[in-house]
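Here is how the chains run, residue by residue.
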Amino acid sequence: RLLQPDDNFLADAFTYLLGVPELTKFYSEEGPSSYRPISLINGYDYDKAPVRDIEPMMDNLFGMLKGTDKLLINSLTALFYVSYIQPFDNLNYPLAILLAKDVYAGCSSGISAFMLPFEGILSDHAIMEAIKECKKDGDLTYFILGSLNFMNRLLDNLKDQIQQARITHYKGEYKTLSPEEE
């Protein structure tokens, strides 16, 4: 692995996405100071994690990512939690996608991680509904299954497009034989 899924990776990615030589701040310093009193994960819900909880929540995420070899599941978990915690003032979704791809790159030759369609997961309506369910009970099963189904549909579509492109390419090389050529 060239890159470890940790705060240094996110800092480098964040710096690059912002187009600045160095960060003046990392995690969000503004936002809610407490949770809304709705019973969900850990007894509360939030649109964005309270500032005081961002760093410990991200540390827990990074610890979990290093603790198992189920890297596709970990990559989806990273995608879910970074988009749920929203640790930065902006660019949370692109950073969640980059982290998911980095985690997945650890179990492949690397390049295939950047071909998987993590980008569309957070914009799929069915997956957003699954995220609401995940927030209620802390079980990521619906999100993971929905994400895998979403990627499967996109990859099947890509496979069909590649197959059609090959057929189109070879059709141009063939011609019908005239009776004299037979």
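Residues numbered from 1 in each chain as written. Predicted model: local features only at pLDDT ≥ 70, side-chain atom pairs only at ≥ 80, totals over all residues. Heavy atoms only, no water.

Participant: How would you explain the overall build of the protein if you had to name every residue and give the values?
Facilitator: Counting its secondary structure elements, the protein contains six helices and zero strands. In the protein, the order of α-helices and β-strands from amino to carboxyl end is α-α-α-α-α-α. The buried share among the 182 residues of the protein stands at 38%. Taking the contacts inside the protein whose residues are at least 6 apart along the sequence as the reference set, 59% of them involve residues at least 24 apart. As displayed, the protein offers around 11,200 Å² of accessible surface, 55% of which is attributable to carbon and sulfur atoms. (Helix = DSSP H or I, 4+ residues; strand = E, 2+ residues; numbered from the N terminus. Buried < 20%, exposed > 50% of the residue type's maximum accessible area, 1.4 Å probe, protein only. Contact = heavy atoms within 4.5 Å. Areas by Shrake-Rupley, 256 points an atom, 1.4 Å probe, with all protein chains shown as cover.)

Participant: Kindly report on a nonpolar patch on the surface, identifying the contributing residues and their values.
Facilitator: Where nonpolar side chains cluster on the molecular surface, the patch consists of Leu 155, Leu 158 and Ile 162 and spans about 230 Å² of accessible area. Taking relative accessible area as the criterion, Leu 158 reaches 38% and is therefore assigned partly exposed. (Patch = residues over 30% accessible without salt bridge, like charges linked within 9 Å, V, L, I, M, F, W, Y side chains within 5 Å. Salt bridge = Lys/Arg side-chain N within 4 Å of Asp/Glu carboxyl O.)

Participant: Summarise the nonpolar core; cite the residues concerned and give the values.
Facilitator: Formed by 42 residues in total, the largest nonpolar core has its most connected members in Leu 10, Met 58, Leu 79, Leu 99, Phe 118, Ile 121 and Phe 143. Sorting the residues of this core by element identifies helix H1 (7–18), helix H2 (51–66), helix H3 (71–85), helix H4 (92–105), helix H5 (125–137) and helix H6 (141–171) as the ones contributing at least two each. Setting aside residues up to four positions removed in sequence, Phe 143 forms contacts with Leu 76, Leu 79, Phe 80, Ile 121, Ile 127, Ala 130, Ile 131 and Cys 134. (Core = buried A, V, L, I, M, F, W, Y, C linked by side-chain atoms within 4.5 Å.)

Participant: Can you break down unusual backbone geometry residue by residue, with the values?
Facilitator: Phi is positive for Gln 86, close to 50°, though the residue is something other than glycine. Following the sequence through the fold, Gln 86 ends up in the loop between H3 and H4. We classify Gln 86 as partly exposed; its relative accessible area is 21%. Of note, Leu 91 is a non-glycine position whose phi angle comes to about 65°, a positive value. Structurally, Leu 91 can be placed in the loop between H3 and H4.

Participant: Help me get a handle on H3, residues and values and all.
Facilitator: In this model H3 runs 20 Å from its N-terminal to its C-terminal C-alpha over 15 residues, within 8% of the 21 Å that 1.5 Å per residue would give. With 12 of its 15 residues buried, H3 lies for the most part within the structure. If you check which residues of H3 are buried, you get Leu 71, Asn 74, Ser 75, Leu 76, Thr 77, Ala 78, Leu 79, Phe 80, Val 82, Ser 83, Tyr 84 and Ile 85. Structurally, H3 contributes buried residues whose contacts are with H2, H4, H5 and H6. (Expected span 1.5 Å × (residues − 1).)

Participant: How would you summarise the confidence of the model for the protein if you had to cite specific residues and measurements?
Facilitator: Considering every residue of the protein, the mean pLDDT works out to 80; 85% of them sit at 70 or more. Segment residues 37–41 is flagged for pLDDT under 50; beyond a separation of four residues in sequence, or across chains, it makes 13 contacts in the model. (pLDDT = per-residue confidence, 0-100.)

Participant: Give me the lowdown on the side chain of Ser 83, citing residues and values where you can.
Facilitator: Mapped onto the elements of the fold, Ser 83 is located in helix H3. Classification of Ser 83 by relative accessible area gives buried; the value is 9%. Polar side-chain contacts of Ser 83 include one of 2.9 Å to the backbone oxygen of Leu 79. A polar atom in the side chain of Ser 83 sits 2.8 Å from the backbone oxygen of Phe 80. Look past the residues within four positions of Ser 83 in its chain and what remains in contact with it is Tyr 93, Ala 96 and Leu 122. (Polar contact = N/O pair within 3.5 Å; in protein donor to acceptor, adjacent residues only side chain to side chain.)

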